[in-house]
Amino acid sequence: MFLAIKEMKHEKLRYGLMIGMIFLVSYLVFILTGLSNGLSNLNRAAVDSWQAQSIVLNKDAQINLPQSVISNRDRQVLKNKGAQISLLSGLVQNQAGKKDSAQIVGIKTNQFIFKRLKVTSGTKELHSKQAIVASAFKTDGFKLGDTLKIANTQVKVKIVGFTNNATLNMVPVVYTTPKTVNLAKYDGQQTTTLVNGVAFASKKPTLGTLKDSKLYSAEQYINKMPGNRAQTLTFNFMIGFLMVIILIVIAIFLYILTMQKLPNFGVLKAQGLPTSYLVKNTLLQAALLAVSGVLIALGLVLITAAILPAIVPIKIQITMILLSGLAIIGMAMLGALIPVREIIKLDPYQIIGG
Amino acid sequence: MANLELQDVKKVYGTGSSQYEALTQINFKANQGETILIVGPSGSGKTTFLTIAAGLQTPSAGTVKIDDKVLGTMSVKQQSQLRLHKIGFVLQAYNLVPYLTVQEQFTLVDKVKTANLTASKFNEMLAILGLTPLLDKYPNQLSGGQQQRVAIARALYGDPSFILADEPTASLDTERAIAVMQLFSQLAHLAHKAVIVVTHDTRLEDYADHVYELVDGVMHRLK
């Protein structure tokens, strides 16, 4: 501890550069983690806000809600169970002509999805041709009381409330009644309300015998969202690669620094200073460098997330960031083991000479 | 009584045609209260002798004993502990940790070992070596001679039973060199240390109780 801290204080530039390097890579890892979370959240925020644990979809729909239609037979079996979802993807336009993509989700007010909705402004009620919409619409200039026309239909809905965490498949959600969705979809030509899926608050709900549908976990459903897996894998690959870079950078830096210090360490070992003392100091130095770099990156990433425009889909989850930080520190310690090996192997006689 | 003894020690380097004998049949004993000087030209085996005496090298043949304990039977860790607690080393180069001040060089010893010099003895030693005004300096702010004196002080700070010094006066002027030898002599006679100094500096012979000459690995007693 003593040697490690004294050396870092004396060699400020050298160790400052090293902390800077760890900070930059950590910052990049945290930003990527935040973006990965943010994008993933855009896919799944609505499902998470429902706290749905499972969902029944048509078994031929490849676990895809828009492609799924619950058959009449199964709809009867699932009647009054879970929360029925009717879905229509499309564009909405307010009276000022402003357009936005939307997932128009029809839900019943007596079922758990509606009950769990948290309205941030407006009222929590939903009648025919009314809508509670994602806060993202507010950012785009939509207001309470605005009338939204569902594109390519004659159906108009009035915004009665805004809600947070309402995106599905990257697109903001417009919650309305199933009948309104049906009206928009079939222009009043179909009287039976179409149900795309039925969500459940428990993992293993009691279902009757389903013929054309199947129960999937919420995670299965989210993982099967178009592009979700490719996106997550890409981010995970980048983060993993950066972790390896950290390991290599720390190992190289500490190796070079340790090699420069070997003559001194040789003399100290000759004087009886325990190898364990030198090893502990080297490991502690690596830990101090990594922790400093990670903490600076953590602070800066929180500031970055706060000042970035809302359009950037970054979501900082402290637990995820702390886990990434711990992984970086772990990698740094792993990198420090290479120079430690040199200290253990060091024969003081080789330094003193004969 | 503390003593360091080499019995029939031989050290051979290399193999086959490149083999050469650095030390030949060395029998040597240093007792508490003695200052011993080993003189010899460069390449005569002086440092090899010193490193074998401290257990940093294993002899090709023979035994080394410190306080009647055979070094060859000790583990590396035990030898390291023995050096830390019993031996004060003064080496030719790389003696000081570059990022520690003179004061901190001693603090480092405190970190790994208790029972070091008392404050009064420490201050007295600093005064003799002329180091009192240099305590806040880093090694790169000191001359070669000052660095060597700090290295000597650090070796003595742990209050070792044996002081092994390799060319300790190489960077010192005559006055300082004599002061250092007088200090070694005082430590031997008053503090009952065994001091072994290897050097090619014949100015120091008058301050030693015994003088040995080492030439081509063969040791002769001169005094």
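What you are looking at is a predicted structure, and each value in this text was computed from that prediction instead of being measured.

Asker: Could you give an account of the overall build of chain B, naming the residues involved and the relevant values?
Answerer: The number of helices and strands found in chain B is 6 helices and 10 strands. For 223 residues, the compact-globule estimate of 2.2 N^0.38 gives 17 Å, and chain B sits close to it at 17 Å. Seen along its three principal axes, the alpha-carbon backbone of chain B occupies a region of about 50 × 35 × 35 Å. Across the 223 residues that make up chain B, the buried fraction comes to 45%. Counted over contacts in chain B with a minimum sequence separation of 6, partners at least 24 positions apart contribute 70%.

Asker: If you had to explain the overall build of chain A to someone new, which residues and values would you point to?
Answerer: Along chain A, the regular secondary structure elements total 11 helices and 11 strands. Compactness check: chain A gives a C-alpha radius of gyration of 29 Å against a globular reference of 20 Å for 354 residues, more than 25% above the reference. Put simply, chain A has 354 residues, and 39% of those count as buried. The contacts in chain A between residues at least 6 apart in sequence include a share of 83% that link residues at least 24 apart.

Asker: Describe the sheet that holds strand β9 (residues 210-215) of chain B, listing the residues and the values that go with them.
Answerer: Residues and elements named next belong to chain B. Taken together, 6 strands build an open sheet; the order of strands is β6-β7-β8-β3-β9-β10 and the sheet is mixed. Among the strands making up the open sheet, the edge pair consists of β6 (87-90) and β10 (218-221). This sheet shows a mean twist of 20° between the axes of neighbouring strands, independent of strand direction.

Asker: I'd like to hear about the sheet that holds strand β5 (residues 69-70) of chain B, residue by residue, with values.
Answerer: Residues and elements named next belong to chain B. Here we have 4 strands laid out as an open sheet, ordered β2-β1-β4-β5, and antiparallel in their pairing. This sheet does not close on itself; its edge strands, each paired only once, are β2 (20-31) and β5. Alignment of strand β4 (residues 61-66) against β5, held across 2 bridges, turns out to be antiparallel. Pairing of Ile66 across the sheet is with Lys69, part of β5.

Asker: Explain helix α6 (residues 174-190) of chain B to me, and be specific about the residues and the numbers.
Answerer: Structurally, the α-helix is built with 3.6 residues per turn, so residues lying three or four positions apart point the same way. Residues and elements named next belong to chain B. The end-to-end C-alpha distance of α6 is 24 Å, a good match for the 24 Å that 17 residues give at a rise of 1.5 Å each. Residues of α6 that are buried make contact with β3 (35-39), α4 (119-129), α5 (144-157), β7 (162-166) and β8 (194-199). Phi turns positive, to about 60°, at His192, one or two residues after α6.

Asker: I'd like a description of unusual backbone geometry, backed by residues and values.
Answerer: The phi torsion at A:Asn80 lies on the positive side, around 65°, for a residue other than glycine. With respect to the helices and strands, the residue A:Asn80 is situated in the loop between α3 (72-77) and β2 (83-93). Even without being a glycine, B:Asp216 presents a positive backbone phi close to 50°. Following the sequence through the fold, B:Asp216 ends up in the loop between β9 and β10. Of the residues examined, B:Asp216 has 14 C-beta atoms within 10 Å and is grouped as partly exposed.

Asker: I'd like to hear about the UniProt feature "transmembrane region" (unreviewed entry) in chain A, residue by residue, with values.
Answerer: Within the UniProt annotation, "transmembrane region" (unreviewed entry) is assigned to residues 15-35, 233-257, 283-308 and 320-340 of chain A. The span residues 283-308 of chain A is 96% helix and 0% strand, and its two end C-alpha atoms sit 37 Å from each other.

Asker: Would you mind going over the nonpolar core in detail, with residue names and values included?
Answerer: Proteins that are soluble and globular tend to have nonpolar side chains buried together. Core analysis: the largest hydrophobic core is formed by 106 residues, its most contacted members being A:Ile22, A:Ala332, B:Ala53 and B:Leu164. Filtering out sequence-adjacent residues up to four positions away, A:Ile22 remains in contact with A:Ile246, A:Leu289, A:Ala290, A:Gly293, A:Val294 and A:Ala332. Counting 55 residues, the second-largest nonpolar core is a separate cluster that includes A:Leu88, A:Val105, A:Val171 and A:Val198.

Asker: Describe the interface of chain A and chain B, with residues and values.
Answerer: With 21 residues of chain A in contact, the opposing surface of chain B contributes 23 residues. Contributions of two or more residues to the side of chain A that touches chain B are made by α1 (2-10), α8 (228-270) and α11 (348-352) of chain A. In terms of residue count, α1(A) provides more of the side of chain A that touches chain B than any other element does, 5 residues in total. Looking at the side of chain A that touches chain B residue by residue, the classes come out as 12 nonpolar, 6 polar and 3 charged.

Asker: Help me get a handle on the packing of helix α3 (residues 102-112) of chain B against α5(B), residues and values and all.
Answerer: Residues and elements named next belong to chain B. Look at α3 against α5: their axes get within 10 Å of each other, and the N-to-C directions meet at 25°. The angle between the axes of α3 and α5 places the two elements in the roughly parallel class. Here the hand of the crossing between α3 and α5 comes out right-handed. In this structure, α3 uses Val102, Gln105, Phe106 and Val109 to contact α5, whose residues at the interface are Val150, Arg154 and Tyr157. The residue inventory of the contact of α3 with α5, partitioned by class, reads 5 nonpolar, 1 polar and 1 charged.

Asker: I'd love a proper account of the UniProt feature "domain: ABC3 transporter permease C-terminal" (unreviewed entry) in chain A, names of residues and values included.
Answerer: UniProt tags residues 236-348 of chain A as "domain: ABC3 transporter permease C-terminal" (unreviewed entry). In the segment residues 236-348 of chain A, helix accounts for 86% and strand for 0%; the C-alpha atoms at its two ends are 45 Å apart.

Asker: Quick one: what's the story with the environment of B:Val70, residue by residue and with numbers?
Answerer: Residues and elements named next belong to chain B. Here Val70 lies in strand β5. C-beta crowding within 10 Å serves as the criterion here: with 12 such atoms nearby, Val70 is assigned to the exposed category. As for Val70 and Gly55, which are separated by 15 residues in sequence, their C-alpha atoms are 9.9 Å apart. The residues contacting Val70, other than those within four sequence positions of it, are Thr63 and Lys65.

Asker: Outline the packing of α1(A) against α3(B), listing residues and values.
Answerer: Between two packed helices, both the angle of their axes relative to each other and the distance between the axes serve to describe the pair. As a packed pair, α1(A) and α3(B) sit with axes 11 Å apart at the nearest point and diverge in direction by 155°. The angle between α1(A) and α3(B) falls in the class roughly antiparallel. For the pair α1(A) and α3(B), the contacting residues are A:Phe2, A:Leu3 and A:Lys6 in the first and B:Glu104, B:Thr107, B:Leu108 and B:Lys111 in the second. Here the residues of the contact of α1(A) with α3(B) sort into 3 nonpolar, 1 polar and 3 charged.

Asker: Any chance you could break down the domain arrangement of chain A for me, citing the residues and the numbers?
Answerer: All names here are of chain A. Per the domain assignment, the segments making up chain A are domain 1 (2-43 + 229-352) and domain 2 (47-225). Summarising the inter-unit geometry, the C-alpha centres of domain 1 and domain 2 are found 46 Å apart. Taken together, the contacts link 4 residues of domain 1 with 7 residues of domain 2. In terms of residue class, the side of domain 1 that touches domain 2 is made up of 2 nonpolar, 1 polar and 1 charged.

Conventions used here
- Residues numbered from 1 in each chain as written.
- Chains lettered and ligands numbered in written order.
- Predicted model: local features only at pLDDT ≥ 70, side-chain atom pairs only at ≥ 80, totals over all residues.
- Helix = DSSP H or I, 4+ residues; strand = E, 2+ residues; numbered from the N terminus.
- Rg over C-alpha atoms; globule rule 2.2 N^0.38 Å.
- Buried ≥ 20, exposed ≤ 12 C-beta atoms within 10 Å, placed from the backbone.
- Contact = placed C-beta atoms within 7 Å.
- Pairing = 2+ DSSP bridges.
- Axes fitted to C-alpha atoms, helices over the stretch in contact; angles between N-to-C directions.
- Expected span 1.5 Å × (residues − 1).
- UniProt positions renumbered as here; feature names shortened; annotations may be inferred.
- Core = buried A, V, L, I, M, F, W, Y, C linked by C-beta atoms within 7 Å.
- Nonpolar A, V, L, I, M, F, W, Y, C, P; charged D, E, K, R; others polar.
- Parallel < 35°, antiparallel > 145°, perpendicular 65-115°, else oblique.
- Left-handed = near helix turned anticlockwise from the far one by under 90°.
- Domains from an automatic or database assignment.

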